[in-house]
Structures are given as C-alpha cells and as structure tokens.
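Structural features, examined
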Amino acid sequence: MNTAAFKVAVVGGGISGAVCASTLARNGVSVTLFESARGPGGRMSHRREKTEDGKELSFDHGAPFFSVSKPEVQSIVQEWESKGLVAEWKEEFGSFDFHTRKFNNIEQQVGLSKRFVGVPGMNSICKALCNESGVESKFSVGIGKAEWLDDEKLWSLTGVDGQNLGQFKGLVASDKNIVSSRVTEVTGQPPPLDFNLVPELSAKLQNLPVQPCFAVMLAFAEPLSSIPFKGLSFENSKVLSWAYCDSCKPNRTTTSERWVLHSTAEYAEGIISQMGMKKPSDATLNKVAEQLLQEFQSTGIHIPEPFFKRAHRWGSAFPGARVAPEEKCLWDRNKRVVICGDFCVSPNVEGAIESGLAAALRLKDSASCL
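Per chain, residue numbering runs from 1 following the sequence as it is written. Given that the model is predicted, a residue must reach a pLDDT of at least 70 before its local features are reported, and side-chain atom pairs must reach 80 or more before they are shown or counted; all residues, however, enter totals for whole chains, interfaces and linings. Heavy atoms from the whole structure form the basis of all side-chain values; hydrogens and water molecules are not counted.

**Re the pattern of salt bridges**
Once the charged atoms of two side chains with opposite charge are near each other, the side chains can pair. The condition that has to hold: We count a salt bridge whenever a side-chain nitrogen from Lys or Arg sits within 4 Å of a carboxyl oxygen from Asp or Glu. Secondary structure elements are taken from DSSP: a helix is a run of H or I of four residues or more, a strand is a run of E of two residues or more, and numbering for both begins at the N terminus. Whether a residue is buried, partly exposed or exposed follows from its accessible area with a 1.4 Å probe, protein chains only, as a fraction of its type maximum: under 20%, in between, or over 50%, in that order.
What the rule picks out here adds up to 16 salt bridges. Here Glu-79 and Arg-26 are joined by a salt bridge, their closest N and O atoms 2.8 Å apart. Taken together, the residues Glu-79 in helix H2 (residues 71-82) and Arg-26 in helix H1 (residues 15-26) connect sequence positions 53 residues apart. Of the residues examined, Glu-79 reaches a relative accessible area of 26% and is grouped as partly exposed.

Set out below in structure tokens:
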C-alpha cells in the first residue's frame, strides 16, 4: 500500500518520540507529532532564562550528556555528528566523597564511553528530527483524550482544550504517563488514554516506579577554577547527585560560567512528600535552589554566590524499572498503538532512542501489511 496514506500520531517530542517520528517519515509514513511544551526535547530540553538586568542565559537542565554502546544507535549518532547536531564533550569528569572530603578522577576507570552533547543545546537533536520532511510538528498542543473508533479502526485525538486534532491509523505514545493515574495527581484530569482500551499495555505501566529529581541552574561571574573537574558525581550526600559546568560544553556561550546541580532522588522525594505532585510554588523552588547550592558549597571548595539561581522539578525524571527490555516498546497490533520511551529499555538517552526505533519498526511493518 501507499504508506503516505497511513497517518500516524506521535504524542511527545522527547528523543524517543522524535526518533520514532523521523524514522517513520523517512519510510514514507505521514506523521503528525504533538508536544504539550513550547518546543521539543523532553528531558533533553534546553532552557533560556533572563536575569533581572536583562542578561540572557541558557542551560541544559535535563540530561547533561549521553553515551552509546549499541551499533544501531552508534550509526545514528554518527549521522547526527556529521550534520553538526552533536559533538563529543571531552572535559574530564570526577567524583567527590562527602565522607572522605576527597576528589577522585573517574576518567582513569577502564572502558568509559564517549560523552555526547547536542549543539548548541541538548534539544538540537529533537528540533532537527521534528523538522524533518514528512513530520508535521505541533507544539503547545496537549492531548486530552485518545479514543479508539472501533468501526473505522482509527484513533481520534482531542486536545486538552477540546479541539478535534484529527484521526489516525496509528498512535505512538512516548510518555509513560499517557495511561497513568499520576496525570490525575498533577492535573486533576483523567489520563489521555483509557487503560481499558489497551489493558495489557496499561497493566505494565500502572505501577511503574519513578525517581524524581530537582535541577538547579546557577550562573557565576567568574570561572569556578578551584573545582578540578567540569563534571562531578557525589558520594555520601543525601542532597546532591551531580554537578556539571554547562557552559564548558562545545559550542556554548562563555560570557558567564553556568553550572547545573542535580538532586538525589531521596531529596526530591522528601520535598514532594511535603508538597505533593502539583506545580511547586516559587517559595519551594527558591528553598530547593538554596539547599542544593549550600550542599555544593559545603564541599569546601571556594564557590562564590551566583548572580543567577533557579530550580526546576523533574517529577518523574527516571524510571525505576524496565517494562519491555526485549521488545523495546509496548505494542498492540490490533489497535496499532505503541508506547515507547526509556522506561521500556533503560533509563537513559540511548534506551529512549532504541525504544523509538523499535516503535517505528512496528508501525512501519503494520503499514506495509494493510
């Protein structure tokens, strides 16, 4: 059949959804991608901020970098590198132990993979994929309901504002919350996809454990020259898990030194247990930003006060389990719906890419059989 007549909706513009949409489009399938945020990226988002005096800043406040080991993903990353979408981040990384108060050079460990970053921001990859020929991307469009029309054998999508978004022969959901009651906790609305429509898929996602994280974006007037590494993991801290110099990445502006701190899951869970899953208040975010900065400063390194400081909550940043490590996605052949993301394979960028590729393969094969 003519695959162009096989219209597919992809819900979510993170790396998994973007890879799936691009792969389908390259195989002649007509794709419409819906993303509730203003732009693509998901946890590979690139955030722009403005100081009180009008200075513009930018941060990769989600995934700081990614590494790849699977041949099929390596070939894709090589293509992205040839197009100037990614570059290797060659700075040295280390760790700091709060008990011993010592730094360790993790670069001396054997078998470390290359670290890649999107350029000029982590979201550059998703932006390019969402703009490829054959992909129609619609941003700031959240899905309120995905309904299966049994007579027509089509999916009908409705926006959160009640707008009819069209009918599609296939549906890709790259968000684990599409059938999760967690959506109701945050928004007060039912999840977009009724789990009774795809009970076998929904059952695997209903109690999927997730680990939250707070990110704190900092900007300093001078380089933090007393820190011996540009990326740090922390041991024996209940507050901090990661710190990295975002402005040291390839093709970043260097008018100021910008760092991003990541909290531990334990710390984030403690804050969320007090405040709930609703959008955190400015007071809560300010408190989080100050506590993570204080922990960073308590390393004993000279870290001055930043001229910019802001926190962001990733409410379900990292999946705590894999729901489809062999299949790499969740697939209902009869209804032509596939759910993909890092929660299917492994909780990292490579896992999300693998899952997006697997989802595209399922729908491409389904289109060929009709």
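**Considerations on the nonpolar core**
Basically, it comes down to this: Nonpolar core, defined: a set of buried Ala, Val, Leu, Ile, Met, Phe, Trp, Tyr and Cys residues in which side-chain atoms within 4.5 Å join the residues together. Residue contacts are defined here by distance: any two heavy atoms, one from each residue, within 4.5 Å place the two residues in contact.
Judged by nonpolar contacts, the single largest core of 61 residues is most densely connected at Ile-15, Phe-66 and Trp-80. Considering every element that reaches this core, the biggest residue donor is helix H9 (residues 349-369), with eight residues. Once residues within four sequence positions are removed from consideration, Phe-66 is found in contact with Met-44, Val-77, Trp-80, Val-86, Lys-114, Arg-115, Phe-116, Met-122, Ile-125 and Val-349.

**What about the environment of Leu-205?**
With respect to the element layout, Leu-205 can be found in helix H5 (residues 199-205). Since its relative accessible area comes to 3%, Leu-205 is described here as buried. Taking C-alpha positions, Leu-205 is 38 Å from Phe-229, a pair spaced 24 residues apart along the chain. Apart from residues lying up to four places away in sequence, Leu-205 is in contact with Lys-176, Val-179, Val-323, Leu-330, Ile-339 and Phe-343.

**Considerations on the packing of H1 against H9**
To keep it simple, the criterion reads: Every axis in this analysis is a line fitted to C-alpha atoms, fitted for helices over the stretch in contact. Angles between the N-to-C directions lie between 0 and 180 degrees. Crossings are classed by handedness, with left-handed meaning an anticlockwise turn of the near helix from the far one by less than a right angle and right-handed meaning a clockwise turn. When residues are sorted by character, Ala, Val, Leu, Ile, Met, Phe, Trp, Tyr, Cys and Pro go into the nonpolar class, Asp, Glu, Lys and Arg into the charged class, and all the rest, Gly among them, into the polar class.
Remark: H1 packs on H9, axes separated minimally by 7 Å, with the N-to-C direction vectors making an angle of 35°. With respect to the hand of their crossing, H1 and H9 are arranged in right-handed fashion. Where H1 abuts H9, its residues Ile-15, Ser-16, Val-19, Cys-20, Thr-23 and Leu-24 lie against Ala-352, Ile-353, Ser-355, Gly-356, Leu-357, Ala-359, Ala-360, Leu-363 and Lys-364. Of the residues assigned to the contact of H1 with H9, the class counts are ten nonpolar, four polar and one charged.

**Observations regarding the sheet that holds strand E11 (residues 154-159)**
Rules: Should DSSP find at least two bridges between two strands, the strands are regarded as paired.
With antiparallel pairing, the three strands of this open sheet are ordered in space as E10-E11-E12. In the strand order of this sheet, the two ends are held by strand E10 (143-149) and strand E12 (164-168), each with one partner. Shown here is a sheet whose adjacent strand axes are inclined to one another by a mean of 20°, direction ignored.

**Things to note about the environment of Gln-167**
With respect to the helices, strands and loops of the structure, Gln-167 is situated in strand E12. Classification of Gln-167 as partly exposed rests on a relative accessible area of 38%.

**What about empty space enclosed by the protein?**
Basically, it comes down to this: A 1.4 Å probe that fits but cannot get out identifies a cavity on a 1 Å grid over protein atoms alone, an open set with protein on both sides within 12 Å along at least five of seven lines counts as a pocket, and a residue lines either if it has an atom within 4 Å of a point. Grid points are joined across faces, edges and corners, and a volume is the space filled by probe spheres set on the points.
Counted according to the given criterion, the structure contains one cavity of 30 Å³ or more. If you trace the largest cavity, you find it lined by Phe-214, Ile-271, Ile-272, Met-275, Gly-276, Lys-278, Pro-280 and Arg-313. Among the residues making up the lining of the largest cavity, the classes are represented as five nonpolar, one polar and two charged.

**Description of the state of the cysteines**
Stated formally: Two cysteine sulfur atoms make up a disulfide if the distance between them is within 2.5 Å.
Under the defined criterion, the tally for this structure stands at zero disulfides. Distance from the sulfur of Cys-340, which forms no disulfide, to the nearest cysteine sulfur (Cys-20) is 5.2 Å.

**Brief notes about the pairing of strand E13 (residues 170-173)**
By the alternation rule, side chains of E13 split into Gly-170 and Val-172 and Leu-171 and Ala-173, which are all buried. Here four bridges tie strand E1 (residues 7-11) to E13, and the two strands are oriented parallel to one another. In the strand pairing of E13, Val-10 is matched with Val-172. Bridge count between E13 and strand E20 (residues 337-339): three bridges; the pairing is parallel. Opposite Ala-173, over in E20, you have Ile-339 as the bridge partner.

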